[in-house]
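Below are the chains, spelled out letter by letter.
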Amino acid sequence: MTDRIPGFATLAIHAGAQPDPTTGARTTPIYQTTSFVFNDADHAASLFGLQAFGNIYTRIGNPTNAVLEERVAALEGGTAALAVASGHAAQVVVLQQLLKPGDEFIAARKLYGGSINQFTHAFKSFGWNVAWADPDDVETFERAVTPRTKAIFIESIANPSGSITDIEAVAAVARKAGVPLIVDNTLASPYLIRPIEHGADIVVHSLTKFLAGHGNSLGGIIVDAGTFDWSKDGKYPMLSEPRPEYHGIKLQETFGNFAFAIACRVLGLRDLGPALSPFNAFMILTGIETLPLRMQKHCENSKAIAGWLSTHPAVASVNYSGLPSSPYYNLAHKYAPKGAGAVFTFSLKGGYDAGVKLVSKLKLFSHLANVGDTRSLVIHPASTTHSQLDDASKTKAGAGPDIVRLSIGIEDKEDLMADLDQAMS
Amino acid sequence: MNHDAYDDSYIREILNGVKTIAMVGASPQNVRPSYFAFKYLAERGYDMIPINPGHVGKNLVGKPFVASLKDIGRPVDMIDIFRNSSHIMPVVDEALTLSPLPKVIWMQLGARDDAAAAKAEAAGLKVVMNRCPKIEYGRLSSEISWMGVNSRTLSSKRAPMPTHGQRLSLNRMSVGGGSTLAADRAAKDKTDPA
């Protein structure tokens, strides 16, 4: 008998969340504790030596967080995951396993502005050098590969423009270069795009966005696809070489196809410290249970509002990959057939001033620096999330001065259109 | 038998059915994967026998090393081979001379020899390749979920209390969970010669 593979909505509710063994509690309990008792000295030694599975200290692992990790790993089709304090923390922890000072990684130029800052400034101070490539021109990734390249980083749906990246084409470049492909899948969520099915080796998320959905808790996660051989050429010693932190254990040899997630936990999270609060993990888990329903409504509203905006007399252009007029329409059809997400930009005929006025006049849309909330959100990227970039870089990142970004919520779409209409009049 | 993807029911039946496991290539070094697996399985109640001719006279977690399979002197249910793929066949040949025959040949994570598997299966043995019994046990008992690993199982039944030294029940009713089939295919494609 072949085991039946459950559907996405079933996994969104059940994966990782088996009834609590001690109490029988059906909802995942919040294990709000820093530490866990050992059975005896040998058990403690086994846990510290990675010889046994179990809990030691919440900076390294926590049973509530573990449910969240298994849930997202299952939704993405990965072998394991590690939850951390934020999407930014996920990116630091991932690259710490892959890069040494002086190494390089290639990143798509169209990224969340916070990631561009992190890569350009903070990571540069670690000696991790980013080379930028154009996600609309895959050859630029190929040309950026050098002997020091250790990873390629892209967003599946790019923030803020909502453009779709040709994941399979970039994955082919990564494979040829012998480096892992990291995909930030935050704006798609695994409901719309599962990057591992298209060649990603590592998937990262800001859980704060669509996965949690409610905008009340920060979190990030790293999903290990289990697809990369870390030991083939000695380029990834954190995984292939004996680790002095653990008396000489080789992580890939010991943990097989979930060694990267283990490395992120026992080398990254343990030593860098960006642990996720179990309370946040609980809040995010509760959100994920309704991910499929919410994403359907987000996409339905977004498609209707993007189409309506494109015919509005005050609007110069709408960049929504789900519209047939979008240059990304075919890629959206291929990678995100259930919907092109709910974050997109548009420009107003009145330029920068009209954008500022629109934001100030909206009554339902909230003006803030987040996306993927149940509430509809608006921001002017050029003066906020992307403000630290120069004008040319803003335009390249899809955040020019005339651009307004929307994150469409799950309210009634007629109310959202009425709010936008009155704000543009 | 499809050796690329095993059903949980196949692995569960093996881990539930065997009692005595001879581990060929067991290492006394406490950072080696074979040491981890040996100790873990011994703590779960399996009767473990370490096989390594280089360490006869020593013990592994209190169990005396034995030089070879034929020196065990009592029936074994499963032979867990911690050797590279190129060293599998002689071990299987030796296993097939035992009387009574073992029931299962298990090749460790990274090890695979399809010809040796076919020979063992022709003799009526069950074969698992490129898997770790510790990881599979941890996965099917949900214990590995503490490490954020996708156990690929779902269950609405209460998990057994994970008490040290107690054999966890592998029999709790569960259904298939988050599949890694796409990732498994991609991993296989990447390791195949281009």
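Here the structure is a predicted model, which means the values were calculated and not measured. (Residues numbered from 1 in each chain as written. Chains lettered and ligands numbered in written order. Predicted model: local features only at pLDDT ≥ 70, side-chain atom pairs only at ≥ 80, totals over all residues. Heavy atoms only, no water.)

**Overview of the interface of chain A and chain B**
Chain A puts 60 residues into the contact, and the matching count from chain B is 52 residues. Here chain A packs against chain B, burying approximately 4500 Å² in sum over the two surfaces, 57% of which is carbon and sulfur. It is Gln18, Gln51 and Phe53 of chain A in chain A that bury the most area against chain B; as a group they hold 19% of the surface buried on that side. At the junction of chain A with chain B, the criterion picks out 2 salt bridges. Two residues, Asp42 of chain A and Lys39 of chain B, come together in a salt bridge whose shortest N-O distance is 3.5 Å. (Contact = heavy atoms within 4.5 Å. Buried area = accessible area lost by both parts, 1.4 Å probe. Salt bridge = Lys/Arg side-chain N within 4 Å of Asp/Glu carboxyl O.)

**Observations concerning empty space enclosed by the protein**
For the structure shown, the criterion picks out 1 cavity of 30 Å³ or more. Approximately 40 Å³ is the volume attributed to the largest cavity. For the largest cavity, the full set of lining residues is Ser46, Gln51 and Ala52 of chain A together with Phe36, Lys39, Tyr40 and Glu43 of chain B. (1 Å grid on protein atoms, 1.4 Å probe; cavity = no way out; pocket = protein on both sides within 12 Å on 5 of 7 lines; lining within 4 Å. Points joined across faces, edges and corners; volume = space filled by probe spheres on them.)

**Here we look at the sheet that holds strand β1 (residues 80–84) of chain A**
All names here are of chain A. The strand order across the open sheet built from 7 strands is β1-β7-β6-β5-β4-β2-β3, with neighbouring strands paired in mixed fashion. Where the open sheet ends on each side, the last strands, each with one partner, are β1 and β3 (129–133). If you compare each strand with its neighbour and ignore which way they point, the axes differ by 20 degrees on average. Strands in contact with helix α11 (residues 259–272) are β1, β6 (202–206) and β7 (220–224); relative to β1, the strand with the most contacts, it is inclined by about 30 degrees. (Pairing = 2+ DSSP bridges. Helix = DSSP H or I, 4+ residues; strand = E, 2+ residues; numbered from the N terminus. Axes fitted to C-alpha atoms, helices over the stretch in contact; angles between N-to-C directions.)

**Things to note about helix α15 (residues 351–361) of chain A**
Residues and elements named next belong to chain A. Every buried residue belonging to α15 is among Gly351, Gly355, Leu358 and Val359, and all of these are buried. End-on view of α15: buried residues confined to an arc of 95 degrees, all on one side of the axis. Facing away from the buried side of α15, by more than 90 degrees, are the exposed residues Asp353 and Ser360. On its buried face, α15 sits against β9 (343–348), β10 (366–367), β11 (377–379), β12 (403–407) and α17 (413–424). (Buried < 20%, exposed > 50% of the residue type's maximum accessible area, 1.4 Å probe, protein only. Arc of directions from axis to C-beta.)

**Focus: the pattern of salt bridges**
In the structure shown here, the tally under the stated rule is 26 salt bridges over all chains. Linking Arg375 of chain A and Asp373 of chain A is a salt bridge whose minimum nitrogen-to-oxygen distance equals 3.2 Å. The shortest N-O distance in the salt bridge between Arg139 of chain B and Glu136 of chain B comes to 3.0 Å. Here Arg139 of chain B pairs with Glu136 of chain B, and both are found in helix α5 (residues 133–140), just 3 residues apart, close to one helical turn. Take Glu136 of chain B: its relative accessible area is 6%, and that puts it in the buried class.

**Some points on the domain arrangement of chain A**
Residue and element names in this part refer to chain A. According to the domain assignment, chain A consists of domain 1 (8–287) and domain 2 (292–424). For domain 1 and domain 2, the distance between their C-alpha centres works out to 28 Å. Facing 40 residues of domain 1, the contacting portion of domain 2 comprises 38 residues. Carbon and sulfur atoms make up 61% of the area that domain 1 and domain 2 hide from each other, which totals about 3100 Å². By the criterion of area lost to domain 2, the three top residues of domain 1 are Pro160, Tyr191 and Phe210, representing 24% of everything that side buries. Residue Lys334 pairs with Glu168 through a salt bridge whose shortest N-O separation is 2.9 Å. One can count 16 residue pairs in polar contact (both at pLDDT 80 or more) joining domain 1 with domain 2. When contributions to the side of domain 1 that touches domain 2 are tallied by element, the ones reaching two or more residues are α1 (8–14), α5 (113–125), α7 (167–177) and α8 (189–192). Looking at the side of domain 1 that touches domain 2, its residues break down into 19 nonpolar, 15 polar and 6 charged. (Domains from an automatic or database assignment. Polar contact = N/O pair within 3.5 Å; in protein donor to acceptor, adjacent residues only side chain to side chain. Nonpolar A, V, L, I, M, F, W, Y, C, P; charged D, E, K, R; others polar.)

**A word on the packing of aromatic side chains**
Counted by the stated rule, this structure contains 20 aromatic pairs over all chains. Look at Phe105 of chain A and Phe119 of chain A: their rings are 5.0 Å apart centre to centre, the planes differ by 80 degrees, and that puts the pair in the edge-to-face class. Separated by 14 residues along the polypeptide, Phe105 of chain A in strand β2 (residues 104–108) and Phe119 of chain A in helix α5 bring together distant segments of the chain. Comparing Phe105 of chain A with Phe119 of chain A shows no difference in burial state: the two are buried. Above the plane of the ring of Phe8 of chain A lies Lys338 of chain A, whose end atom (NZ or CZ) is 5.8 Å from the centre. If you follow Lys134 of chain B out to its NZ or CZ, it ends over the ring of Phe53 of chain A, 4.8 Å from the centre. (Phe/Tyr/Trp six-rings, centres within 6.5 Å; stacked < 30°, edge-to-face > 60°. Lys NZ or Arg CZ within 6 Å of the ring centre and 35° of its normal.)

**Here we look at α5 of chain A**
Residues and elements named next belong to chain A. The end-to-end C-alpha distance of α5 is 18 Å, a good match for the 18 Å that 13 residues give at a rise of 1.5 Å each. Roughly 30 degrees is the biggest bend found in α5, and it falls at Phe119. Residues of α5 that are buried: Gly113, Gly114, Ser115, Ile116, Asn117, Gln118, Phe119 and Phe123. Where α5 is buried, its residues contact α4 (87–98), β2, β3 and β4 (149–155). Positive phi appears at Gly127, one or two residues downstream of α5, with a value of about 80 degrees. (Expected span 1.5 Å × (residues − 1). Bend = angle between axes of the 7 residues up to and from the residue.)

**Brief notes about the nonpolar core**
Residues and elements named next belong to chain A. One finds Leu68 and Leu98 to be the most contacted residues of the largest nonpolar core, which totals 189 residues. With 9 residues, α11 is the largest single contributor of residues to this core. No fewer than three residues from each of domain 1 (8–287) and domain 2 (292–424) sit in this core. Every residue in contact with Leu98, bar those within four places of it in the chain, is listed here: Asp103, Lys150, Ala151, Pro180, Ile182, Ile202, Trp230, Lys235, Tyr236 and Phe260. (Core = buried A, V, L, I, M, F, W, Y, C linked by side-chain atoms within 4.5 Å.)

**Examining the sheet that holds strand β8 (residues 315–319) of chain A**
Paired through their backbone hydrogen bonds, the strands of a sheet run either parallel or antiparallel. All names here are of chain A. Read across the open sheet, the 5 strands follow the order β8-β9-β12-β11-β10; overall the sheet is mixed. Where the open sheet ends on each side, the last strands, each with one partner, are β8 and β10. Here 5 bridges tie β9 to β12, and the two strands are oriented antiparallel to one another. Within the sheet, the bridge partner assigned to Phe346 lies in β12 and is Val404. Strand contacts of helix α13 (residues 291–310): β8, β9 and β12, with the helix running at about 10 degrees to β9, the strand carrying the most contacts. Across the sheet, α15 lies against β9, β10, β11 and β12, angled at about 125 degrees from β9, the strand it touches most.

**Here's the deal with the side chain of Arg139 of chain B**
Residue and element names in this part refer to chain B. Of the residues examined, Arg139 reaches a relative accessible area of 3% and is grouped as buried. From its side chain, Arg139 meets the backbone oxygen of Ser151 in a polar contact 2.9 Å long. For Arg139, the contacting residues outside a window of four places in its chain are Asp8, Ile144, Asn150, Ser151, Arg152 and Thr153.

**A closer look at the pairing of strand β1 (residues 20–24) of chain B**
Residues and elements named next belong to chain B. Of all 5 residues making up β1, 5 are buried, and the element is well covered by its neighbours. With burial as the criterion, each face of β1 is covered, one bearing Thr20, Ala22 and Val24 and the other bearing Ile21 and Met23. Bridging between β1 and strand β2 (residues 47–51) involves 5 bridges; their strand directions are parallel. Across the sheet, residue Val24 finds its bridge partner in β2, namely Ile51. Here β1 pairs with strand β5 (residues 78–81) via 4 bridges, running parallel. Counterpart to Ala22 in the pairing with β5 is Ile79.

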